[in-house]
Amino acid sequence: MRIHLLKRNIKLVILIAAICVTMCYLFGIYGLKPQNSQLSDYEVVPMYGGHRENNEKPSPFDDYDDPFSSSLVTDLKVYNKVKGKKCLEQRDFVFIKTMKCATQTMVQIFRRFGYRRHLNFVLPRGGNIYLGWPYIPELQDYRPSKRPFNALAEHSVYNETVMKSIMPKTTHYVTIIREPFSQFKSSFHYFNVANISRMKKTKDDISEYLHHLDTYETFYKTPAASATRYCIPDEFSVTKNLLSHCLGMPLGFPAGRENITSQSGKIAEYIEMLDRNFMLVMIMEYFHESLVLLKRLMCWSMEDIMYHTVNVGQYSYKDKTPDPENLKIYKHWSGVDFLLYNHFNQSFWKKVKHQGDDFFDEVKTFNDIHTRVSKYCSNLEEGENSMMIMATAFSDQFVVTKEYCVMLGVDLLTFLKTRMEREEGWVNQDTGNKGPKRGC
């Protein structure tokens, strides 16, 4: 009897040991967890959702309510065709959104690329749309995240120290600039300078403003005009060296910051620093060439750089050739921006030259595909449910759907914020900042 009981106990011990070994094996090899274990929010879950049993914890990356769920890119790595070869697309980027340089169109491209791949964006707090602009970004300006950031594309003043502190080392920096006098006219219209400055009515607002700069510029920047100056703080100029300011050059704003406007050596040094740090400075006047160059340098697809033009201002002096005297005055007033533009206009074409003889063939191919996509997306009610874009020497084939067309035109900032709030439980909090309002 004792022998029989001993044998039963030995068998029971062996069975328990076998179960323990099996469970340890499963937990170690397959990453299984007991049901009551507490998974961290981003541990052992598929990056883009995936199949799970009913009793498993939902992934924070699921997009059950996402109207663009069928357009999401679920591959962790994507290889695209560039110059006849396959390369790995780059997903870490900062896009400095300069003022009035087709940046709203560009930011839609960057947002769409990142949204589809579930990249983690640096986003403004609350209902803000700027990351502290026109101030250098601070912690109070953006939403902290549980995950490392991949992308930054909202209005933000470039600062090397700040950007490196929150972005990965693999980040590619991109921006776009524009011929300064053309950019000035656009800013003058967009920021309602004539009305806010209480300019007298004339047939040529630009000429009136430039010939009385001290009077109108001074009033525009005063507290007396602040009530009608949306998002613009006191003492900030929207007409003087605005491109250079967006790219972080120290020009005396805010009060107490160094002003190198009259120091040609320091200006040259700063521009050279930008040239080293930025993978690409696009030129608005050569928009499609810039997009194709972006595609090649980031190893993106033709589909990724499609766009729908947004936020295009219309005003009487938009396409008017500048009066020589007005241009002379503005070059003196905003000379740093002209130095910036001239430098990067030259460096842009050097980059193009290095791309080889087929670069302009790809630009032509992009023009053709963009025309087809624009026509299809402009007639959604009349056309087919989808349109196939066949492969070319520069791109793989892709399908344009009605959903894709909607994505081209939707401001995805709200969608990015909603996704972050849902996934991370982010709630806007008072940062304790009691100083002047920073941007909007």
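Anything mentioned here points back to the structure above.
Keep in mind that what you see is a predicted model, and the values were worked out from it rather than measured.

(A) Up close: helix 4 (residues 180-190). Burial runs high along helix 4: nine of the eleven residues are buried. Every buried residue belonging to helix 4 is among Pro180, Phe181, Ser182, Gln183, Phe184, Lys185, Ser186, Ser187 and Phe188, and all of these are buried. Considering only its buried residues, helix 4 is in contact with helix 5 (193-196), helix 6 (205-211), helix 8 (242-246), helix 11 (324-333) and helix 12 (335-354). Two or three places before Phe181, at the start of helix 4, stands the capping residue Glu179, its side-chain oxygen 3.1 Å from that residue's backbone nitrogen. Positive backbone phi, at 55 degrees, marks Asn192, one or two positions downstream of helix 4.

(B) Focus on the sheet that holds strand 4 (residues 151-152). Read across the open sheet, the four strands follow the order 4-3-5-6; overall the sheet is parallel. Two strands lie at the open edges of the sheet, namely strand 4 and strand 6 (280-283), each paired on one side alone. For strand 3 (residues 93-96) and strand 5 (residues 172-177), the ladder comprises four bridges, and the chain directions are parallel. Opposite Ile96, over in strand 5, you have Thr175 as the bridge partner. Together, strand 3, strand 5 and strand 6 form the strand contacts of helix 2 (residues 103-116), whose direction differs from that of strand 3 by roughly 165 degrees.

(C) Fine view of the pattern of salt bridges. The tally for this structure, following the rule as stated, stands at 19 salt bridges. A salt bridge links Asp66 to Arg419; the nearest nitrogen and oxygen atoms lie 3.3 Å apart. Taken together, the positions of Asp66 in the loop between helix 1 (2-30) and strand 1 (79-82) and Arg419 in helix 15 (residues 413-424) put the pair 353 residues apart, joining distant regions of the chain. Judged by its relative accessible area of 7%, Asp66 falls in the buried class. Overall, the relative accessible area of 4% leaves Arg419 in the buried class.

(D) Region of the structure containing a nonpolar patch on the surface. A cluster of nonpolar side chains, contributed by Met388, Met390 and Val399, occupies part of the molecular surface with about 260 Å² of accessible area. Its place among the elements puts Met390 in the loop between strand 7 (386-389) and strand 8 (398-401).

(E) Molecular detail of the pairing of strand 8. Side-chain alternation along strand 8 places Phe398 and Val400 on a buried face and Val399 and Thr401 on a face that remains uncovered. The pairing of strand 7 with strand 8 spans four bridges and is antiparallel. The residue of strand 8 that forms the bridge with Met387 is Val400.

(F) Region of interest: the pairing of strand 2 (residues 85-88). Where strand 1 meets strand 2, four bridges bridge the pair, whose relative direction is antiparallel. By the bridge assignment, Lys81 is partnered in strand 2 with Lys86. Adjacent in sequence and paired antiparallel, strand 1 and strand 2 are bridged by two residues, among which Lys83 carries a positive phi angle near 55 degrees.

(G) Seen up close, the side chain of Ser197. The residue Ser197 is located in the loop between helix 5 and helix 6 in this model. Residue class for Ser197 comes out buried when judged on its relative accessible area of 3%. Discounting chain neighbours no more than four positions away, the residues touching Ser197 are Tyr216, Phe219 and Tyr220.

(H) Broad picture of unusual backbone geometry. Note the cis peptide between Trp133 and Pro134, where omega equals 10 degrees. Structurally, Pro134 can be placed in the loop between helix 2 and strand 4. A cis amide bond links Phe253 to the next residue, Pro254, at an omega of -5 degrees. With respect to the helices, strands and loops of the structure, Pro254 is situated in the loop between helix 8 and helix 9 (264-277). The backbone of His118 sits at a positive phi, close to 60 degrees, despite the residue not being glycine. Structurally, the position occupied by His118 is in the loop between helix 2 and strand 4. Phi at Cys231 is positive, roughly 70 degrees, even though this residue is not glycine. Residue placement: Cys231 occurs in the loop between helix 7 (213-220) and helix 8.

Rules used throughout
- Residues numbered from 1 in each chain as written.
- Predicted model: local features only at pLDDT ≥ 70, side-chain atom pairs only at ≥ 80, totals over all residues.
- Heavy atoms only, no water.
- Buried < 20%, exposed > 50% of the residue type's maximum accessible area, 1.4 Å probe, protein only.
- Helix = DSSP H or I, 4+ residues; strand = E, 2+ residues; numbered from the N terminus.
- Contact = heavy atoms within 4.5 Å.
- Polar contact = N/O pair within 3.5 Å; in protein donor to acceptor, adjacent residues only side chain to side chain.
- Pairing = 2+ DSSP bridges.
- Axes fitted to C-alpha atoms, helices over the stretch in contact; angles between N-to-C directions.
- Salt bridge = Lys/Arg side-chain N within 4 Å of Asp/Glu carboxyl O.
- Patch = residues over 30% accessible without salt bridge, like charges linked within 9 Å, V, L, I, M, F, W, Y side chains within 5 Å.
- Areas by Shrake-Rupley, 256 points an atom, 1.4 Å probe, with all protein chains shown as cover.

None of the figures reported here should be taken as evidence of function without further support.
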